[in-house]
Amino acid sequence: MKKRVFITGATGTMGWAGLHELLQRLDRFDITVLARPSETNKKKLAPYSNKIRIVWGDLTRYEDVELATRDADYVLHVGGMVSPAADYFPNKTRKVNTIAAANVAKAVLAQPNADNIKVCYIGSVAQTSDRNEPNHWGRTGDPICISVYDHYAISKTIAEKTIVESGIKKWVCLRQSGILYPAILKNYDPIMFHVPLRGVLEWCTVEDSGRVLANLCEESVPDEFWNNFYNIGSGPEYRLSNYDFECKLLNAIHCPKPEKIFNPEWFVLRNFHGQWYLDSQKLEDYLHFRGNIPVDEYFKKMGESLPWFYSLARIVPSFIIKLAMRPMAYKKKWGTQSWIKNNETQRIAAYYGSIENWKNIPDWEHQNLSKPSDEAIILNHGYDESKPVSEWTIEDMQSAAAFRGGKCLSETMIKGDFSTPLEWECQFGHKFKASPALILLGGHWCPECFPSPWNYDEIAKGNPFFAQVWYPNHSKEEHNYYGEDIFDGWEQK
């Protein structure tokens, strides 16, 4: 008997790849998509209207989500607002992404077969902020640490918690990395300079992303896979520094190297996101999704898919290309050099540390562009990780809480029960309930302290768990507090 798969975000980058993977398996799956009835979406989905069930609606309308969820065996929640649009419309992003997750959870739990529906939520590497050298290797369970001003990552973190704590019996959270797809080569936006040159990312190809979604719906996936967090990455070949990525991207569109067309001070020093994954192989071992195409070959293929006129860049003098790039560095509100020009002290503090740090950025000749170390610093999670989850006890919870500067207020728990919420208290006395899975496996903590209002300097002083990711890129003398309303009035590009 065929399984029924409901996928959100099917007209987006990852969802589209997942839909096409599923379309190759119509002998095993019936597919439902929920899509906004825009002219673009209608045109995009028209060729498949006789193969799939299309529910025209909106993720923020519960009635539409519930209708699409009916009879589903799998729900793949991929949809939502993403960057760069998410950066320009932060309030809308928070609303859409958090309401969508709440609607998905509510709709699943309303079904007569709710206990048998398997739900996949797609999170983001942005939830764990920048992990520059020396702590540029990471894994699930590391601290949630969202870059200042990243409202997209806030929405993803809240939505992830919603799914995990909803009462859904079979869930999985997959944190997506940066996706490589041809249109990324066309990106012309100030965000291109919001990355540190020696920051890192383990990229994921769009084809691998699609296979992740389709493969987790197969019967061969064991029960032990569910109720956990995983990082999505295409493996060692795709672990690049941001400088290496820029070189490969520019080469694919026939542009000169970064040294020829950018100034090094246009790039920030911190406060983006990315890491090389210590644990992305775990997901590969379960889902076998990697195409294993050499990374240079993949970039070459992406470049070949672009319109012919991109090849003209090879005959354009580099100083002309640099003149074309400069407006993105100086674009009002979003360009890194507009922050310097207008002395936007909070932005400068977040992304450069100080105006002095910006002034001291060396020229290209003196930049350290070496590959970050292959040696991994593995963060301490504050409990005995050698024990299987089935052996977790209240003592493990108490140990984890103490390492986070707080307490586990619950006095008992059922051994190995990681889904029933316990009571916790953070270093500031905030009391909250959360499951052991969310705290220990997902790296979440106090909802009043995280993901905002970005009082990270004070948190790090009393939270050794969080301090591991904060102090490598921030001094103990910093006293930055950004508050909740830093995007107030910034809802227009």
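In case you missed it, the structure is sitting above this.
An account of the accompanying structure is given in this report. Here the residue numbers are simple positions, counted from 1 along each chain's written sequence. Local features in a predicted model are, by the rule used here, given only for residues with pLDDT of at least 70; side-chain atom pairs are given and counted only at 80 or more, and totals for whole chains, interfaces and linings are based on all residues. Note that the side-chain values use all heavy atoms of the structure and ignore hydrogens as well as water.

### Thoughts on the overall build of the protein chain
The criterion, for reference: In this description a helix means any DSSP run of H or I spanning at least four residues, a strand means any run of E spanning at least two, and both kinds are numbered starting from the N terminus. Computation of the radius of gyration draws on C-alpha atoms alone. For the globule rule, the value is 2.2 Å times the number of residues to the power 0.38. The buried label applies to any residue whose accessible area, calculated with a 1.4 Å probe on protein chains only, is under 20% of its type's maximum; exposed applies above 50%, and partly exposed to all values in between.
Each helix and strand in the protein chain was counted, giving 19 helices and 16 strands. In terms of overall size, the protein chain behaves like a compact globule, its C-alpha atoms giving a radius of gyration of 22 Å where 493 residues would be expected to give roughly 23 Å. Principal-axis analysis of the C-alpha atoms places the extent of the protein chain at approximately 65 × 55 × 45 Å. Evaluated residue by residue, the protein chain yields a buried proportion of 57% over its 493 residues.

### A look at the sheet that holds strand β14 (residues 407-408)
What counts here: DSSP bridges decide pairing: two strands pair if at least two such bridges lie between them.
Read across the open sheet, the three strands follow the order β14-β15-β16; overall the sheet is antiparallel. Edge positions in the sheet fall to β14 and β16 (431-434), since each of these pairs with one other strand and no more. Here β14 pairs with strand β15 (residues 422-425) via two bridges, running antiparallel. Bridge pairing in β15 places Lys407 opposite Glu425.

### Looking at the sheet that holds strand β1 (residues 3-8)
For clarity, the threshold we go by: Note on definitions: angles span 0 to 180 degrees between N-to-C directions of axes, and those axes are lines fitted to C-alpha atoms, for helices only across the stretch in contact. We call two residues in contact when some of their heavy atoms are within 4.5 Å.
The sheet built from seven strands is open, its strands ordered β3-β2-β1-β4-β5-β7-β11 with parallel pairing. The open sheet has two edge strands, β3 (53-56) and β11 (228-232), and neither has a second partner. Within this sheet the neighbouring strands show an average axis-to-axis angle of 20 degrees, counted without direction. Looking at chain direction, β1 and strand β4 (residues 74-77) are connected through four bridges and run parallel. Across the sheet, Val5 pairs through a bridge with Tyr74, a residue of β4. With respect to the sheet, helix α6 (residues 151-164) is in contact with β5 (118-124), β7 (170-176) and β11, its orientation differing from that of β5 by roughly 160 degrees. Contacting β1, β2 (29-35), β4, β5, β7 and β11, helix α7 (residues 206-215) crosses the sheet at an angle of about 175 degrees to β7.

### Considering the pattern of salt bridges
Side chains that differ in charge, positive against negative, can pair when their charged atoms come close. Put simply, the rule is: Every case where a carboxyl oxygen of Asp or Glu lies within 4 Å of a side-chain nitrogen of Lys or Arg is listed as a salt bridge.
For the coordinates displayed, the defined rule picks out 22 salt bridges. One salt bridge in this structure joins Asp223 and Lys170, with 3.7 Å as the shortest N-O distance. Placement of the pair is Asp223 in the loop between α7 and β11 and Lys170 in strand β7, with a sequence separation of 53 residues. Under the relative-accessibility criterion, Asp223 is labelled exposed at 54%. The partner of Lys431 in a salt bridge is Glu425, with the nearest N and O atoms 3.3 Å apart. Overlapping salt bridges, with partners in common, bring together Glu21, Arg25, Asp27, Arg28 and Glu218 in one network.

### Brief notes about the packing of helix α5 (residues 90-109) against α6
Definition in use: Roughly parallel means an angle under 35 degrees; roughly antiparallel, over 145; roughly perpendicular, 65 to 115; everything else is oblique. Should the near helix be turned counterclockwise from the far one by less than a right angle, the crossing is left-handed, whereas a clockwise turn marks it as right-handed. Gly is put with the polar residues, along with every residue not named as nonpolar or charged; the nonpolar set is Ala, Val, Leu, Ile, Met, Phe, Trp, Tyr, Cys and Pro, and the charged set is Asp, Glu, Lys and Arg.
At their nearest, the axes of α5 and α6 sit 9 Å apart, and the two run at 15 degrees to each other. Relative to α6, the element α5 lies roughly parallel. For the element pair α5 and α6, the recorded crossing hand is right-handed. On α6, the residues touching Pro90, Thr93, Arg94, Asn97, Thr98, Ala101, Ala102, Val104 and Ala105 of α5 are His151, Tyr152, Ile154, Ser155, Lys156, Ile158, Ala159, Thr162 and Ile163. For the contact of α5 with α6, a count of residues per class yields ten nonpolar, six polar and two charged.

### A short note on the packing of aromatic side chains
Spelled out, the test is: Only rings of Phe, Tyr and Trp enter the pairing, Trp through its six-membered ring, and a pair is recorded when the two centres are within 6.5 Å. The plane angle decides the type: under 30 degrees is stacked, over 60 is edge-to-face, the rest tilted. Whether a charge sits over a ring depends on NZ of Lys or CZ of Arg being within 6 Å of the ring centre and within 35 degrees of the ring normal.
The final tally for this structure, using the stated rule, is 30 aromatic pairs. Ring geometry for Trp16 against Tyr48: centres 5.7 Å apart, planes inclined by 75 degrees, an arrangement best described as edge-to-face. Here Trp16 is found in helix α1 (residues 13-23), whereas its partner Tyr48 is found in the loop between α2 (39-45) and β3, with 32 residues between them in sequence. Of the residues examined, Tyr48 reaches a relative accessible area of 17% and is grouped as buried. Between Phe193 and Phe267 the ring centres are 5.2 Å apart and the planes differ by 80 degrees, which places this aromatic pair in the edge-to-face class. Here Phe193 is found in the loop between β8 (179-180) and β9 (200-202), whereas its partner Phe267 is found in the loop between α9 (258-261) and β13 (276-277), with 74 residues between them in sequence. Through a chain of ring-to-ring contacts, three or more aromatic side chains come together here, namely Tyr74, Phe225, Trp226, Tyr230 and Tyr286. The ring of Phe465 carries Arg404 above its face, with NZ or CZ at 3.7 Å from the centroid. Between the NZ or CZ atom of Lys476 and the centre of the ring of Tyr471, over which it lies, the distance is 5.1 Å.

### Some remarks on unusual backbone geometry
Most peptide bonds adopt trans geometry, and most residues besides glycine take a negative phi value. Looking along the chain, the bond that leaves Glu133 and enters Pro134 is cis, with omega of 20 degrees. As for its placement among the helices and strands, Pro134 is situated in the loop between β5 and β6 (137-138). Although it is not a glycine, Tyr149 sits at a positive phi angle of roughly 80 degrees. As for its position among the elements, Tyr149 is in the loop between β6 and α6.

### Let's talk about the environment of Glu365
Looking at where Glu365 falls in the secondary structure, it is placed in the loop between α15 (355-359) and α16 (394-403). The exposed category is assigned to Glu365, whose relative accessible area is 67%. When the C-alpha atoms of Glu365 and Glu259 are compared, they prove to be 8.8 Å apart, with 106 residues separating the residues in sequence.

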